[in-house]
Amino acid sequence: MPAVAEVAEPATPPAEPVLVEPPAQPPTARSPRVRWIALTVLCTGMLMIVLDGTVVNVALPAIQHDLGFAQGDLAWVVNAYLISFAGLLLLAGRLGDLVSRRTVFLTGISVFTVASLLCGLSWTSSMLVAARFLQGVGGAMTSAVILGMIFTMFPEPREQARAIGVFAFVASAGGAIGLLAGGALTQLTSWHLVFLVNLPIGIVTLFAAVRFVPRDQGTGFGAGLDVLGAGLVTAALMAGVYTIVKPAAEHGWTDGATLTGAAVTALLLAAFVWRQAKATTPLLPLRIFRSRNVVGANLIQCLIVAGMFGLFFLGVLYLQQVQGYDALHTGIAFLPLTALMALVSVRYAEPLTTRFGPRPMLLASMTAITIGLALWTRVPVEASYLTDILPAALVLGLGAAAGAPAVMMYAMSGSSAQDAGVASGLINTSMQVGGAVGLAVLSSAATSRTRALSHGGVPDAAALTAGYHLGFMIAAGLVITGIVIALLLLRDPAKSAPSA
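Residues numbered from 1 in each chain as written. Predicted model: local features only at pLDDT ≥ 70, side-chain atom pairs only at ≥ 80, totals over all residues. Heavy atoms only, no water.

**Student:** Could you clarify how one ought to interpret the overall build of the protein in this entry?
**Tutor:** Counting its regular elements, the protein contains 18 helices and zero strands. Looking at the protein as a whole, 53% of its 500 residues qualify as buried. Across the protein, the fraction of contacts at a sequence separation of at least 24, relative to all contacts at a separation of at least 6, is 83%. Per element, the accessible surface of the protein, about 20700 Å² overall, is 69% carbon and sulfur. (Helix = DSSP H or I, 4+ residues; strand = E, 2+ residues; numbered from the N terminus. Buried < 20%, exposed > 50% of the residue type's maximum accessible area, 1.4 Å probe, protein only. Contact = heavy atoms within 4.5 Å. Areas by Shrake-Rupley, 256 points an atom, 1.4 Å probe, with all protein chains shown as cover.)

Now the structure itself:
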C-alpha cells in the first residue's frame, strides 16, 4: 500500500520535508490523490478521442445533406481521420519517449481541439475532410502516450491494474457512449455541434493536464530521431489503412488496386523493419518483440477489436435497417452494454485480475465475447429487444470489460521505461488497424451475402439479417483465433514487468 510505504520511510530526514513543489510546477505524481486526478484527466482526453469516432458516424447522413457530399466521397469524413490517426501512432509514441510524454499529450489535445473547431465551422466538403485529417494527427498524439504515462504513474501492481481498468473502459466503451451522444446531438441540434462539443472538453482537459499531469523527462534525441524509419512506417500504415478502407471495402480483396496497395504496404513495412535493425536510434526498437507477451497482446488486441468494431458497426445497421431504430434509440439500445462495462471495468476488473491473474481473465473474457457474438448470430428479423438483443449485448460487454486490462498489462510487460511510449503507441496502432481490418472484412462479407440472397429473391430484411449473421460469425472466429494465440504465447507478465 502506498500509504504504508510513506510512513515506513522516516529514515532520511532531509528528504521527507521537501514534499511541496514550487507553485509554478505541477503537483508531484507521488501523491495518490494527484495520481488519480491525473488519470482522470488522461482518460477524459482519451474519451474525447474515442467518442469522436462513433459520434461522427451517426451524423454522416446530415453532413452529406448539408455539404453536398457525393455518396462515394462521404466515407472520407471517416477515412481521412483514420488514416492520419493510425499512421502516426507509432511516431507519436516514440516522440513521447524522446521528448516528453506530457508534452506530446498537451500538443495532441491542442491540435485536436483546434481541428474540432475547424470541423464544426466547415462550409465545404473539402474543408471538412482536411480538418478531419488534422483531427487524426491530434488524436494520435493524444492517445499514443497515455498508456505509457499510466504505467509510470502507477508502478504498484494493484493500483496499476485498477488504473488500467479505468483506461480500458474508456477506450472500449467510449464507442457505445458515442452512439448515444451522436444520436442525441444530431437529432436534437445540428451535426456542427458533434464537433464543437469538443471545444469545452478539450480546453478544460488541456488546463487540467497542465496543472495535474506530472512532468516527465524524455531520453533525448541522442544520435537523432530515426527520420527515415518514421517516414517508412507512417507511409506503410497510411497505405495499409487506405487499402483497407478504400479499394478493399469497395471492390473486394482480389481487386487489382487492393493487391497493389497490399504489395506497397508490405514493401514499406519490410523496408521499415530493415531500417530498425540498422538504425542507431530506431523508431520502434525491435528488442520489444523479443517478448512473446508483447507480440501476443498486440495480435490479440488486433483480433478482439476487429471483432468488436465490426459488431458495433453491423449491430447499428441491424437495429436501424432491420428493426427500424432511429439514431437516438440505437444509442439507448447499447446503453446497458456501456453501463455493464463501466461497472465491471471500474469495480471488478482489478480485484479479479489480481486474484486470478491476467491470463485466466483474458481467456475468460474472450470466451464471453465469443458467446456474445454467437448470440448475435441468432438475432431474428423480428426481434424482441429484451429476449434477443439485450442478452447478447450484456454478455459481450461483460467479456470486453473483464479482459481489457489484461491485454494492456501484457502489451506493456516487456517494455522498459525508455520504450513505454512506443509500446503504448504500438498497442494503440494494433487497435486502429484491427478496427479498420474488422470493419472492411465483416462489412464486405455481410454485403456480399446480402446481395447474393437479394438476387435470389429473398426479402430485403431477411437478406440483410443473414448478411449480418455472417459478419457476426466471422467476428467470433477472429476472437477464437485470439484465444488460441493466448494459449500458445502468453506467460505471466510479472516475470517481464517494465522497469520504471
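**Student:** Can you help me understand a nonpolar patch on the surface in this one?
**Tutor:** Among the surface-exposed residues, L343, Y348, L352 and F356 lie close enough to one another that they form a single nonpolar patch of about 370 Å² accessible area. Secondary-structure assignment places L352 in helix α14 (residues 335–356). Residue class for L352 comes out partly exposed when judged on its relative accessible area of 32%. (Patch = residues over 30% accessible without salt bridge, like charges linked within 9 Å, V, L, I, M, F, W, Y side chains within 5 Å. Salt bridge = Lys/Arg side-chain N within 4 Å of Asp/Glu carboxyl O.)

**Student:** Got a minute to help me understand the confidence of the model for the protein in this structure?
**Tutor:** Low-pLDDT portions of the prediction should not be read for the details of their coordinates. Residues of the protein with pLDDT of at least 70 account for 83%, and the chain-wide mean is 79. This model gives residues 1–29 a pLDDT under 50, and the stretch forms 22 contacts once residues within four places in sequence are excluded. (pLDDT = per-residue confidence, 0-100.)

**Student:** For this particular structure, what's the right way to read the packing of helix α3 (residues 76–98) against helix α4 (residues 101–120)?
**Tutor:** The geometry of a pair of packed helices is captured by two quantities: the angle between their axes and the separation between those axes. Running from N to C, α3 and α4 cross one another at 155 degrees; their axes reach a closest spacing of 9 Å. Between α3 and α4, the interaxial angle falls into the category roughly antiparallel. Residues Y81, A92, L95, G96 and D97 of α3 form the contact with α4, whose participating residues are R101, V104 and F112. A breakdown of the residues in the contact of α3 with α4 according to their chemical character gives five nonpolar, one polar and two charged. (Axes fitted to C-alpha atoms, helices over the stretch in contact; angles between N-to-C directions. Parallel < 35°, antiparallel > 145°, perpendicular 65-115°, else oblique. Nonpolar A, V, L, I, M, F, W, Y, C, P; charged D, E, K, R; others polar.)

**Student:** So what exactly am I meant to see when it comes to the packing of aromatic side chains here?
**Tutor:** Ring pairs (aromatic) are described by centroid distance and by the angle formed between their planes. Counted under the stated rule, the structure contains five aromatic pairs. Ring centres of Y318 and W376 lie 6.4 Å apart, and the angle between their planes is 85 degrees; on these two criteria the pair is classed as edge-to-face. A residue pair is termed long-range when its members are at least 10 positions apart, and Y318 in helix α12 (residues 292–322) and W376 in helix α15 (residues 358–376) qualify at 58 residues. Each member of the pair, Y318 together with W376, is buried. The ring of F212 carries R211 above its face, with NZ or CZ at 5.2 Å from the centroid. (Phe/Tyr/Trp six-rings, centres within 6.5 Å; stacked < 30°, edge-to-face > 60°. Lys NZ or Arg CZ within 6 Å of the ring centre and 35° of its normal.)

**Student:** It is not clear to me how the packing of α4 against helix α6 (residues 146–153) should be interpreted in this structure. Could you clarify?
**Tutor:** Relative orientation of the contacting elements α4 and α6 amounts to 140 degrees, with a least axis distance of 10 Å. Relative to α6, the element α4 lies oblique. When you trace α4 past α6, the crossing you get is left-handed. Residue-level contacts link R101, R102 and F105 of α4 to I146, G148, M149 and T152 of α6. For the contact of α4 with α6, the residue count by class is three nonpolar, two polar and two charged. (Left-handed = near helix turned anticlockwise from the far one by under 90°.)

**Student:** Would you mind going over the nonpolar core with me for this structure?
**Tutor:** Soluble globular proteins: nonpolar side chains tend toward being buried together. Of all hydrophobic cores here, the largest spans 107 residues; its most connected members are F105, I150, I300, M366 and W376. Every residue in contact with F105, bar those within four places of it in the chain, is listed here: V41, L42, M141, T142, V145, I146, M149, T205 and A209. (Core = buried A, V, L, I, M, F, W, Y, C linked by side-chain atoms within 4.5 Å.)

**Student:** Which parts of the structure should I look at to understand the side chain of Q301?
**Tutor:** Assignment of secondary structure puts Q301 in helix α12. Aside from chain neighbours lying at most four places away, what touches Q301 is V407, M408, I427, S430 and M431.

**Student:** Looking at this model, I keep getting lost on the environment of S384. Mind explaining?
**Tutor:** When you line up the elements, S384 lands in the loop between α15 and α16 (385–413). For the pair S384 and Q323, spaced 61 residues apart in sequence, the C-alpha separation works out to 9.4 Å.

**Student:** Hey, could you run me through the side chain of S430 in this one?
**Tutor:** When you line up the elements, S430 lands in helix α17 (residues 420–455). Residue class for S430 comes out buried when judged on its relative accessible area of 11%. At 2.7 Å, the side chain of S430 and the side chain of N298 are in polar contact. Apart from the residues within four sequence positions on either side, S430 is in contact with N298, Q301 and C302. (Polar contact = N/O pair within 3.5 Å; in protein donor to acceptor, adjacent residues only side chain to side chain.)

**Student:** Explain α4 here, please?
**Tutor:** An α-helix turns once per 3.6 residues; consequently, residues spaced three or four apart project the same way. Between its first and last C-alpha, α4 extends 28 Å over 20 residues, near the 28 Å set by a 1.5 Å rise per residue. Its side-chain oxygen 3.4 Å from the backbone nitrogen of R102, S100 forms the N-cap of α4. (Expected span 1.5 Å × (residues − 1).)

**Student:** Would you take a moment to explain the environment of A131 for this structure?
**Tutor:** Here A131 shows up in helix α5 (residues 125–144). Distance in space between the C-alpha atoms of A131 and V77 is 9.3 Å, their sequence separation being 54 residues. Contact partners of A131, with chain neighbours within four places excluded, come to A115, L118 and C119.

**Student:** What's the story with the environment of L303 in this structure? I'm lost.
**Tutor:** Relative to the assigned elements, L303 resides in helix α12. Owing to a relative accessible area of 16%, L303 belongs among the buried residues under this scheme. The sequence separation of L303 and V437 amounts to 134 residues, and the corresponding C-alpha distance is 9.2 Å. Excluding anything up to four places from it in sequence, L303 contacts L478, T481, G482 and I485.

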